[in-house]
Amino acid sequence: MTVQQALEWAFRTECAQLELPEPPDPERGQGFGFGLEHVLMQRAALGCKIDGGRYKLGDYTHEDAEVIAATVSGMPDSLGGKRMAIRVAELARAGLTPDWMPGAVPRCLPVEMKRNRHGDHATTVVVGTERVLSRGKWRTVEVRACPVMFRPDARQIEAARRAYDAWWKALVWVGDGLIAGGMLTEVQVTNEMPKAKPWELC
């Protein structure tokens with residue numbers, strides 16, 4: 001399996017759970033617990049269980065899936081730590097790859113559109129007035145302009161591609177750890193990876 005397939009198998013098929021370390025208590029030099037309300041709120045916000053036990057309810061979770069989940073749980077802070085571990089697990093559970101906005105190019109669009117019986121039209125705003133000579137008389141007319149925006153803007157595209165790159169680096173780390181660790185009994189992880197920067201190949 002590729003590392004992405006192994007992650008999807010572990011989190012999607014085997015329903016493995018992340019076992020993330022609790023934050024340390026600086027006064028006692030150890031972790032501290034949370035109340036049930038806090039745990040339930042965090043689960044609802046994340047959409048996944050991050051403090052799960054060793055086994056699925058009523059089912060056995062394959063040992064290799066547990067090893068994969070434990071490897072993801074140990075994501076170093078330099079790669080995003082707990083937040084990235086949760087992101088990797090969520091994407092694997094959903095069978096998704098981060099959206100790097102393929103083919104996205106900033107386009108100039110009207111800020112607002114209006115529809116009438118003649119169709120859709122960009123709204124305009126008054127930006128000033130001018131005096132013009134029309135049919136022998138001076139008249140004051142409005143100068144109107146159409147406010148525009150760029151969508152998606154370059155920052156949105158760049159942020160999506162940075163997020164993909166961070167996920168890709170996390171997958172490299174997980175794959176290297178699984179291969180070097182040699183703790184998988186039945187699953188064999190290959191070196192094959194998703195494309196590193198697919199937008200450069202477009």
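Residues numbered from 1 in each chain as written. Predicted model: local features only at pLDDT ≥ 70, side-chain atom pairs only at ≥ 80, totals over all residues. Heavy atoms only, no water.

A.B. asks: Give a description of unusual backbone geometry that names residues and reports values.
C.D. replies: In the segment running from Arg151 into Pro152, the intervening peptide bond is cis, with an omega of -15 degrees. Note on placement: Pro152 falls in the loop between strand S8 (148-151) and helix H5 (154-181). We note that Cys15 has phi near 55 degrees; this positive angle belongs to a residue other than glycine. As for its placement among the helices and strands, Cys15 is situated in the loop between helix H1 (3-13) and strand S1 (24-25). (Helix = DSSP H or I, 4+ residues; strand = E, 2+ residues; numbered from the N terminus.)

A.B. asks: Now, about the nonpolar core: what can you tell me, with residues and values included?
C.D. replies: With 34 residues, the main nonpolar core has Leu7, Phe11, Leu18, Ile68, Val72 and Val88 as its most contacted residues. Where this core is concerned, the elements lending two or more residues are H1, helix H3 (63-73), helix H4 (81-94) and H5. (Core = buried A, V, L, I, M, F, W, Y, C linked by side-chain atoms within 4.5 Å. Buried < 20%, exposed > 50% of the residue type's maximum accessible area, 1.4 Å probe, protein only.)

A.B. asks: Talk me through the pattern of salt bridges; I want residue IDs and the actual numbers.
C.D. replies: Between side chains of opposite charge, a pair can form when the charged atoms approach closely. According to the stated counting rule, one finds five salt bridges in the structure shown. Ionic pairing is found between Lys169 and Asp165, a salt bridge with its closest N-O pair at 3.1 Å. Here Asp165 and Lys169 lie together in helix H5, a separation of four residues that amounts to about one turn. (Salt bridge = Lys/Arg side-chain N within 4 Å of Asp/Glu carboxyl O.)

A.B. asks: Give a detailed account of H4, specifying residues and quantitative values.
C.D. replies: End to end, H4 covers 20 Å across 14 residues, agreeing with the expected 20 Å (1.5 Å per residue, within 8%). Listed as buried for H4 are Gly81, Met84, Ala85, Ile86, Val88, Ala89, Leu91 and Ala92. Looking one or two residues beyond H4, the residue adopting positive phi is Gly95, at roughly 70 degrees. (Expected span 1.5 Å × (residues − 1).)

A.B. asks: Tell me about empty space enclosed by the protein, and name the residues and values.
C.D. replies: Over the atoms, a rolling probe the size of a water molecule traces out where space has been left empty. Applying the stated criterion to the full structure yields one cavity of 30 Å³ or more. Within this model, the largest cavity holds a volume of roughly 40 Å³. Along the walls of the largest cavity sit Gln4, Leu7, Glu8, Val88, Leu91, Ala92, Leu96, Trp167 and Leu171, which together make up its complete lining. Counting only elements with at least two residues in the lining of the largest cavity, the list comes to H1, H4 and H5. Looking at the lining of the largest cavity residue by residue, the class counts come to seven nonpolar, one polar and one charged. (1 Å grid on protein atoms, 1.4 Å probe; cavity = no way out; pocket = protein on both sides within 12 Å on 5 of 7 lines; lining within 4 Å. Points joined across faces, edges and corners; volume = space filled by probe spheres on them. Nonpolar A, V, L, I, M, F, W, Y, C, P; charged D, E, K, R; others polar.)

A.B. asks: Run through a nonpolar patch on the surface, naming residues and quoting values.
C.D. replies: Among the surface-exposed residues, Val125, Val127 and Val143 lie close enough to one another that they form a single nonpolar patch of about 220 Å² accessible area. Among the secondary structure elements, Val143 is positioned in strand S7 (residues 137-145). Owing to a relative accessible area of 32%, Val143 belongs among the partly exposed residues under this scheme. (Patch = residues over 30% accessible without salt bridge, like charges linked within 9 Å, V, L, I, M, F, W, Y side chains within 5 Å. Areas by Shrake-Rupley, 256 points an atom, 1.4 Å probe, with all protein chains shown as cover.)

A.B. asks: Lay out the state of the cysteines in plain terms, naming residues and giving numbers.
C.D. replies: A complete count under the given rule lists zero disulfides for this structure. You can see Cys146 has no disulfide; the closest cysteine sulfur is in Cys108, sitting 7.8 Å from it. The class of Cys146 is partly exposed, set by a relative accessible area of 33%. (Disulfide = S-S within 2.5 Å.)

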